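Results of the structural survey
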Amino acid sequence: MLLSSSFSLLLDMAANSTVSLYDELAWSSAKAFRTFVPPLQDRIPITWHTAPYTLVQFIPYTFMSYLVRRPDTHIVRLMMLPTLITTALHSSYGYVWLDPRYNVFNWAAALFSFVLIGKGIDLAMARTGRHKQGEDVAGTMSTPAIAAKDGSDAPGDASTKDRQCAKLLPLWLQDAVELMFTMRGLGWDFGEGVYTPPPTRPQERKAFLRATFNSFLVNFFILDVIEAAIKLIPGVGDPLGGSIFFPTLPVATRYLVSTGIHVLTGIALVAGFGMVYDLITLIAVAALGHSPSAWPPVMDNPWAAQSLHEFWAKRWHQLLRQTFLVFGGIPGRKLAGNIGLVLGTFLASGLFHECTIYAMGRDWDWRVPVFFLVQGGSLIGERIWRKTTGRRVGGFLGRLWVYFDILILGQPLVDAWHKRGLGGGFVIPPEISPARQLLIPALRRLMA
């Protein structure tokens, strides 16, 4: 691997007494990097004994979420940030699921840790703290951020002001927990203007829970069937990975097959997001007493998008919007205005997805950040089209444009993921998989 080779070279250089200051700094940087991101063979296996250590980043994260609602804590939060970053990196790269079939969980752990790092940077850089919408001074409003109130675009109705389980906690801890786990920032200052899909389920509690449970079952079944089907594809379904492009097939058939795998992967991703969000919603509403209005849909039918702006800003989930703005959008805007904002946001998204997959112990693949950077360029192209023609991208041709960008230009991205074992890893354990326990064996008996 490139990083391993570079590290070995730097060690050899350090052994030479004539090394320069630059070489010493490079060696020290590589050594520090490997302290928090050790090679795969040096990582600690995740067991019941070591698993608690993978959550240690929650200690500084919780403290920072509390401090950001208190006055005059900016310097303290800045001082806490290195602790959060280093513990988050080590928790995701220092520990590993050894079974290749569960390698996807290593990626998920890194994704989660990078989200915490992004949120931590945001908490540290907020000079006057994080405010609820409609709040003048941080920490002075007792109403939950998600609740409907004057000066707020939060989707919650009047019932969101009263959370049954929240009464068991002091106000400062309620605020900290709400801020820790909000992803879209609904009702917070950094979430102002975030698109919220309109409700698609009845808002009466029992009817909402039934509809959410049914949605969970549907998403679970779709994900399970697609995951089981992908595992039957040679190479792609192997835990060590394989390409979606089969060179032995004729060109037309090869790209027909790759497009089919690509579409199945996209459907599985949408179903997976829906399944996890449905499960969390059920817990929040049924067990924690949240109002149904506090849990609006996570996506808005991305297949119906008629422009890339509509796809990325509205139809696709906005859970990582603030993360990508912190990592790339805000610095990009300072460097190059609105163009820098767009390109920086999408470059951050690409690097986020690629840096986290490094936790799986696979080589770097530039096709991932390049795909997201191309999406940013395409969005800028849509803006140029609008200024030149006076018309927005939309309609049937706009939908074809979206499908070309996502279904055609996105295939190298999905290939990069599958070549490193995405399709071969278990998302739904086989023991609870109806497709692998019942459907596939039944189909095999019918075809025998």
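See the structure shown above.
Residues numbered from 1 in each chain as written. Predicted model: local features only at pLDDT ≥ 70, side-chain atom pairs only at ≥ 80, totals over all residues. Heavy atoms only, no water.

Some remarks on the overall build of the protein
Scanning the protein for helices and strands turns up 14 helices and two strands. Computed over the C-alpha atoms, the radius of gyration of the protein is 23 Å, within 12% of the 22 Å expected from 2.2 N^0.38 for a compact globule of 448 residues. If you line up the protein on its principal axes, its C-alpha atoms span 70 × 65 × 60 Å. Across the 448 residues that make up the protein, the buried fraction comes to 47%. The contacts in the protein between residues at least 6 apart in sequence include a share of 70% that link residues at least 24 apart. With 40 positive and 31 negative side-chain charges, the protein shows a separation of 4 Å between the mean positions of the two kinds. (Helix = DSSP H or I, 4+ residues; strand = E, 2+ residues; numbered from the N terminus. Rg over C-alpha atoms; globule rule 2.2 N^0.38 Å. Buried < 20%, exposed > 50% of the residue type's maximum accessible area, 1.4 Å probe, protein only. Contact = heavy atoms within 4.5 Å. Lys, Arg positive; Asp, Glu negative; His and termini not counted. Charge placed at Lys NZ, Arg CZ, Asp CG, Glu CD.)

Some words on the packing of aromatic side chains
Applying the stated criterion across every chain yields a total of 24 aromatic pairs. The interplanar angle of 75° and the centroid separation of 5.2 Å between the aromatic rings of Tyr-66 and Trp-172 together place this pair among those described as edge-to-face. Highlighted residues: Tyr-66 in helix α3 (residues 58-67) and Trp-172 in helix α6 (residues 171-181), separated in sequence by 106 residues. Classification of Tyr-66 as partly exposed rests on a relative accessible area of 26%. Both rings, one in Phe-273 and one in Trp-316, keep their centres 6.0 Å apart while their planes meet at 80°; by these two values the pair is edge-to-face. Residue Phe-273 is found in helix α8 (residues 251-287), and its partner Trp-316 is found in the loop between α9 (308-315) and α10 (321-357); the two are separated by 43 residues along the sequence. Residue classification places Phe-273 among the partly exposed positions, given a relative accessible area of 30%. A relative accessible area of 17% places Trp-316 in the buried class. (Phe/Tyr/Trp six-rings, centres within 6.5 Å; stacked < 30°, edge-to-face > 60°.)

A few points about α8
Helix length check: α8, at 37 residues, gives a terminal C-alpha distance of 53 Å against a target of 54 Å (1.5 Å per residue), a fit within 8%. Taken from the residues just after α8, Gly-289 is the one with a positive phi, measuring 80°. (Expected span 1.5 Å × (residues − 1).)

Things to note about the side chain of Asp-415
When you line up the elements, Asp-415 lands in helix α13 (residues 411-418). A polar contact of 2.8 Å, which involves the side chain of Asp-415, links it to the backbone nitrogen of Ile-244. Each residue touching Asp-415, except ones within four places of it in the same chain, is listed here: Ser-243, Ile-244, Phe-245 and Arg-367. (Polar contact = N/O pair within 3.5 Å; in protein donor to acceptor, adjacent residues only side chain to side chain.)

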